[in-house]
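# Chains, contacts and geometry: an overview
What follows is the residue order along each chain.
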Amino acid sequence: MKYFFETYGCQMNTAESAALELVIRERGWTEAASGEDADLALLNTCAVRATAEQRVMGRLAHYTALKKKRLAEGRPLILIVTGCMAERLGEKLKGSVPAVDQVMGTAARQTFPLILEAVEQGRPVPALTDNETKPVFSFSSSHLEPGQFRSFIPIMNGCNNFCSYCIVPYVRGREVSRDPAAILKEIRLVAEKGVREITLLGQNVNSYHWQGAGDVPGAIDFPALLEMVAAAVENTPIRWVRFLSSHPKDLSQKAIRVMAEHRVFARHIHLCVQHGSDRILKAMNRRYTSAEYLELAATLRTAMPGLTLSTDILVGFPGETGEDFEAIITLMEKAKFLYAYMYHYNPREGTAAYDLPDRVSEAVKLERLERVIALQQKHTGELLKTRVGSREMVLVEGISRKNADELVCRTERDEMAVFPGKASLIGSFAEITLSSLRGNTFRGKNLED
Ligand code: SF4
């Protein structure tokens, strides 16, 4: 039997799709080239922004038409929706899109084999009992494709922060930390398979906390976990360890010390700031001020010279005045991010900010967004220019889409480069000179040539 998955949203969803793939492959299923050839299509969805949900609704309209066609041909197609949007809308989704056979929330992974069993036996997809959908999150090992050199390792799930604009705590639930013994086992497994870079994943990795049980009876916090990870990757092919996402209020001095002490932690960190106005940060329930954020950025850069920072910026939050907006510009000028994901605020039903008054008009939101994008482009260009001429270790990711004789690679600071080279280098490290810059991509020269 054949399956086809579509995955939207964050790296956490990518990791979870990989875990579901492991389950389905273990049952002998193979991957279809598209939904047209599949017996089961699964959409792993994102609910963070309204646009992400609209995209999924578009895909569901496509699958509704496809299911009709397939039914007429006598080849039924089963349609499963999972992920945060499934969690947010639950059974309502089935009501609005009857072609959906099952809505499987983020906490209901253990139900997947029951669905597969029914499809394999040609039975209708079972209705799930409360017991089968109860929110017990279980982490599974990542599925590795042959030759895969990068792996995402989930370490925690959920979030307790309730930033007022964010739907995540409602759809992912409260924080659950994964057993450190299982994390280390998975890291050793991917290292044995030749993985070169790992990223520890969670909605708020810095608040990782293992209470102590099983093979690791003592309490383990995030810095302690980082120490354990650093020890586990020693003498393995893994040379870079990253983590995502970090909340500035939870990134401790102890964690920074551990990162600085172990060279395996890549000199780049994604540290979401969201805004530069303390008044708006308070309304967002972020629980830090812009001064505290900048102090943290300075501490990181002092501890790890050369470290790059990237961030998320949200403009047009309800009540944002021109003065508040200028505070974002001021913060960006001081923080100098390598890159930023920049958005304008869209109300999400069910979040605390949904009912806030003084919504900013669409026109003003767009105008402000354009300004931050232009400023970020300027900063990115300025930072990259200072790096021309330097020597860098890069991880080779693949062949350039623009030139088949060139390889695409990334530095540990998360900068992109291309250099002439053979495909056999994909998945390995190379030392290159960053000779020049075109747009935001370096042209490089392999020092071994
Ligand atoms: S830290 Fe805030 S923005 Fe991030 S997932 Fe948690 S609630 Fe959402």
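Above this text is the structure in question.
Residues numbered from 1 in each chain as written. Predicted model: local features only at pLDDT ≥ 70, side-chain atom pairs only at ≥ 80, totals over all residues. Heavy atoms only, no water.

Glancing now at helix 8 (residues 180-192). Residues three or four positions apart in an α-helix share a direction because the helix packs 3.6 residues into each turn. For helix 8, which comprises 13 residues, the first-to-last C-alpha distance of 18 Å matches the rise-based estimate of 18 Å (1.5 Å per residue) to within 8%. Regarding helix 8, the residues found buried are Pro180, Ile183, Leu184, Glu186, Ile187, Val190 and Ala191. Viewed end-on, helix 8 has its buried residues packed into an arc of 160°, placing them on one side of the element. Facing away from the buried side of helix 8 by over 90 degrees, the exposed positions are Lys185 and Glu192. If you follow the buried residues of helix 8, they end up packed against strand 6 (150-154), strand 9 (197-201), strand 10 (209-210), strand 11 (220-221) and helix 9 (222-233). You can read the cap of helix 8 off the contacts: a side-chain oxygen lies 2.8 Å from the backbone nitrogen of Ala181, and it is on Asp179. Just beyond helix 8, the residue with positive phi is Gly194, at close to 95°. (Helix = DSSP H or I, 4+ residues; strand = E, 2+ residues; numbered from the N terminus. Expected span 1.5 Å × (residues − 1). Buried < 20%, exposed > 50% of the residue type's maximum accessible area, 1.4 Å probe, protein only. Arc of directions from axis to C-beta. Contact = heavy atoms within 4.5 Å. Polar contact = N/O pair within 3.5 Å; in protein donor to acceptor, adjacent residues only side chain to side chain.)

Bringing the packing of aromatic side chains into the picture now. According to the stated counting rule, one finds 8 aromatic pairs in the structure shown. A connected cluster of aromatic rings, assembled from ring pairs, spans Tyr288, Tyr293 and Phe337. Lying across the ring of Tyr343, Arg49 places its NZ or CZ 3.4 Å from the centre. Note that Arg359 overlies the ring of Tyr354, its terminal NZ or CZ placed 5.4 Å from the centroid. (Phe/Tyr/Trp six-rings, centres within 6.5 Å; stacked < 30°, edge-to-face > 60°. Lys NZ or Arg CZ within 6 Å of the ring centre and 35° of its normal.)

Taken together, Cys159, Asn161, Phe162, Cys163, Tyr165, Cys166, Val168, Pro169, His247 and Arg286 make up the full set of residues adjacent to the ligand. Partitioned by chemical class, the residues of the shell around the ligand number 7 nonpolar, 2 polar and 1 charged. (Near = heavy atom within 4 Å. Nonpolar A, V, L, I, M, F, W, Y, C, P; charged D, E, K, R; others polar.)

Of the strand pairs in this sheet, strand 16 (residues 391-399) and strand 19 (residues 429-438) are connected by 5 bridges, and their pairing is antiparallel. Paired with Met393 across the bridge in strand 19 is Glu431. Of the strand pairs in this sheet, strand 16 and strand 17 (residues 406-411) are connected by 5 bridges, and their pairing is antiparallel. When the bridges of strand 17 are listed, Val396 appears paired with Cys409. (Pairing = 2+ DSSP bridges.)

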